[in-house]
Amino acid sequence: MTSSSSPSQDTKRLARAYPEGLRADALMEEDVAWSHEIDPEWDGEQFDRSDRAALRRVAGLSTELEDVTEVEYRQLRLERVVLVGVWTSGTVQDAENSLAELAALAETAGALVLDGVIQRRDKPDAATYIGSGKAEELRDIVLDTGADTVICDGELSPGQLIHLEDVVKVKVIDRTALILDIFAQHAKSREGKAQVALAQMQYMLPRLRGWGQSLSRQMGGGKGGGLATRGPGETKIETDRRRIREKMAKMRREIAEMKTGREIKRQERKRHKVPSVAIAGYTNAGKSSLLNRLTGAGVLVENALFATLDPTVRRAETPSGRLYTLADTVGFVRHLPHHLVEAFRSTMEEVGESDLILHVVDGSHPAPEEQLAAVREVIRDVGATDVPEIVVINKADLADPLVLQRLMRIEKRSVAVSARTGRGIDELLGLIDNELPRPSVEIEALVPYTHGKLVARAHDEGEVISEEHTAEGTLLKVRVHEELAAELTPYAPASLA
């Protein structure tokens, strides 16, 4: 982080006041090195400024193991990484929380975190992300730790990646590439794999590099054949880019076809007037655990970021007997790469098409408000801001009671639960029952026993207020949608009279 240079009059004053050896130090940007003989009281403040501009180590990020044999085994199969972040706004605690999340992402991807540093800057350096001087300091840290990869807590431009690699002499990746790698490891369904592949190709296209033969050209297409050397022809890297664009177009067509199948299922649910609830939230907030607790779905639950990617839709029932569907969606994270938002847009439409969103937040997280803000940003991107929302504060058994009180005071429609112990689940089910849209028509009908299918539909698609079995048939008082009400109208007591 640098400051503007001194005005010319200050330069002349310094030239007169100090010998040649001290003049260069006095004119240095940011770190002015005054000697004790000149101004003994200035040194403390300069130490603070120097400290503020330095790379800060973030304690507690290293995952190096104690046992030697296990360390050696892990070092054979895991990349050894150093994390680096640029702290542009907020408190130092915010910056350290962001880097701690990056460490969790790196471990999820299968890396061994050796060290983590942050730098205070107004904005990331356009050339090397952290500035040339700090990049050299980072190279020394890489040499000291024996790391083979540097992970930056942000999305780097192709130029920043190249320049930083030139300085640190090891592989450099950014937060986006790391998240894409995790998604590639965890995608299981055909659609999930296609979406991840598309996002990776979108990320890779502007970052293709060429050396040597990659920059050699094909033979030009001369008019009359012959030696065919007329015209520049394509370089190999241009050919690679063209092939990637062709693959991306093919992948988009395949995803569009898969999207059609999911839309048909969604329309079928709408035709039967089955309300839908979508579980959205930060990664590792406990969405799959909540789905399992509410429906017994048996979805994979793991204490890892992005453990489940593919959406799961399960049938559930409210305490009053109303049926609805519950959909588990992909987890979100701060600075979710726009490639992923675009590639997973069809999957995230489950959130936009739902009747209610259960917004799950980790109550034991150091900054749950930041999780809420990050998820709402993505919900806004997929156009689901009009859908009613219940904030579900999960992991209440591990959370600080004061944090729970603060969140429930801020979020008016919220409930504290623990998917692990079952605390608050009954209250959550009651809230879901109240918030789901209710059928618009209330009707009373005496349905003959020969038309039992109508009674079954009233239970499945409507809300049964009362039911009585008589000699003539089943006397129902129900709240149903207009189509079913029209079918029940002929059996209304007034119509029968």
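Figured I'd write up the structure that's included with this text. This structure is a prediction, so every number in the text was calculated from the model and none was measured.

**Observations regarding unusual backbone geometry**
Phi is positive for Tyr-129, close to 75°, though the residue is something other than glycine. Residue Tyr-129 is classed as buried on the basis of its relative accessible area, which comes to 5%. Even without being glycine, Lys-169 reaches a positive phi, approximately 65°. Inspection of the secondary structure assignment puts Lys-169 in the loop between helix H7 (158-168) and strand E5 (171-174).

**Comments concerning the nonpolar core**
By size, the foremost hydrophobic cluster in this structure holds 88 residues, and its most contacted members are Val-150, Leu-290, Phe-332, Leu-358, Val-392 and Leu-428. Sort the elements by how many residues they give to this core and helix H5 (residues 92-109) lands first, with seven residues. Aside from chain neighbours lying at most four places away, what touches Val-150 is Val-82, Val-84, Leu-138, Val-142, Val-168, Val-170, Lys-171, Val-172 and Ile-173. Grouped together as the second largest cluster of nonpolar side chains are 13 residues, Val-447, Leu-476, Val-478 and Leu-488 included.

**Describing the packing of aromatic side chains**
A full pass over the atoms with the stated rule returns zero aromatic pairs. Its guanidinium or amino end placed over the ring of Trp-87, Arg-120 lies 4.8 Å from that ring's centre, counting from NZ or CZ.

**Regarding a positive patch on the surface**
Taken together, the side chains of Arg-243, Lys-247, Lys-250 and Arg-253 make up a positively charged region of the molecular surface. Within the element layout of this structure, Lys-247 appears in helix H10 (residues 236-271). Lys-247 gets classed as exposed once you look at its relative accessible area, which sits at 53%.

**Focus on helix H15 (residues 401-410)**
One turn of an α-helix holds 3.6 residues; hence residues three or four places apart share an orientation. All buried positions along H15 are accounted for by Val-403, Leu-404 and Leu-407. When H15 is viewed along its axis, its buried side chains cluster within an angular range of 100° and face the same direction. Turned more than 90 degrees away from the buried face of H15 sit Pro-401, Leu-402, Gln-405 and Arg-409, all of them exposed. Against the buried residues of H15 lie helix H14 (368-381), strand E10 (389-394) and strand E11 (414-416). Where H15 begins, the capping side chain belongs to Asp-400, and its oxygen is found 3.0 Å from the backbone nitrogen of Leu-402.

Calculation criteria
- Residues numbered from 1 in each chain as written.
- Predicted model: local features only at pLDDT ≥ 70, side-chain atom pairs only at ≥ 80, totals over all residues.
- Heavy atoms only, no water.
- Buried < 20%, exposed > 50% of the residue type's maximum accessible area, 1.4 Å probe, protein only.
- Helix = DSSP H or I, 4+ residues; strand = E, 2+ residues; numbered from the N terminus.
- Core = buried A, V, L, I, M, F, W, Y, C linked by side-chain atoms within 4.5 Å.
- Contact = heavy atoms within 4.5 Å.
- Phe/Tyr/Trp six-rings, centres within 6.5 Å; stacked < 30°, edge-to-face > 60°.
- Lys NZ or Arg CZ within 6 Å of the ring centre and 35° of its normal.
- Patch = residues over 30% accessible without salt bridge, like charges linked within 9 Å, V, L, I, M, F, W, Y side chains within 5 Å.
- Areas by Shrake-Rupley, 256 points an atom, 1.4 Å probe, with all protein chains shown as cover.
- Salt bridge = Lys/Arg side-chain N within 4 Å of Asp/Glu carboxyl O.
- Lys, Arg positive; Asp, Glu negative; His and termini not counted.
- Charge placed at Lys NZ, Arg CZ, Asp CG, Glu CD.
- Arc of directions from axis to C-beta.
- Polar contact = N/O pair within 3.5 Å; in protein donor to acceptor, adjacent residues only side chain to side chain.

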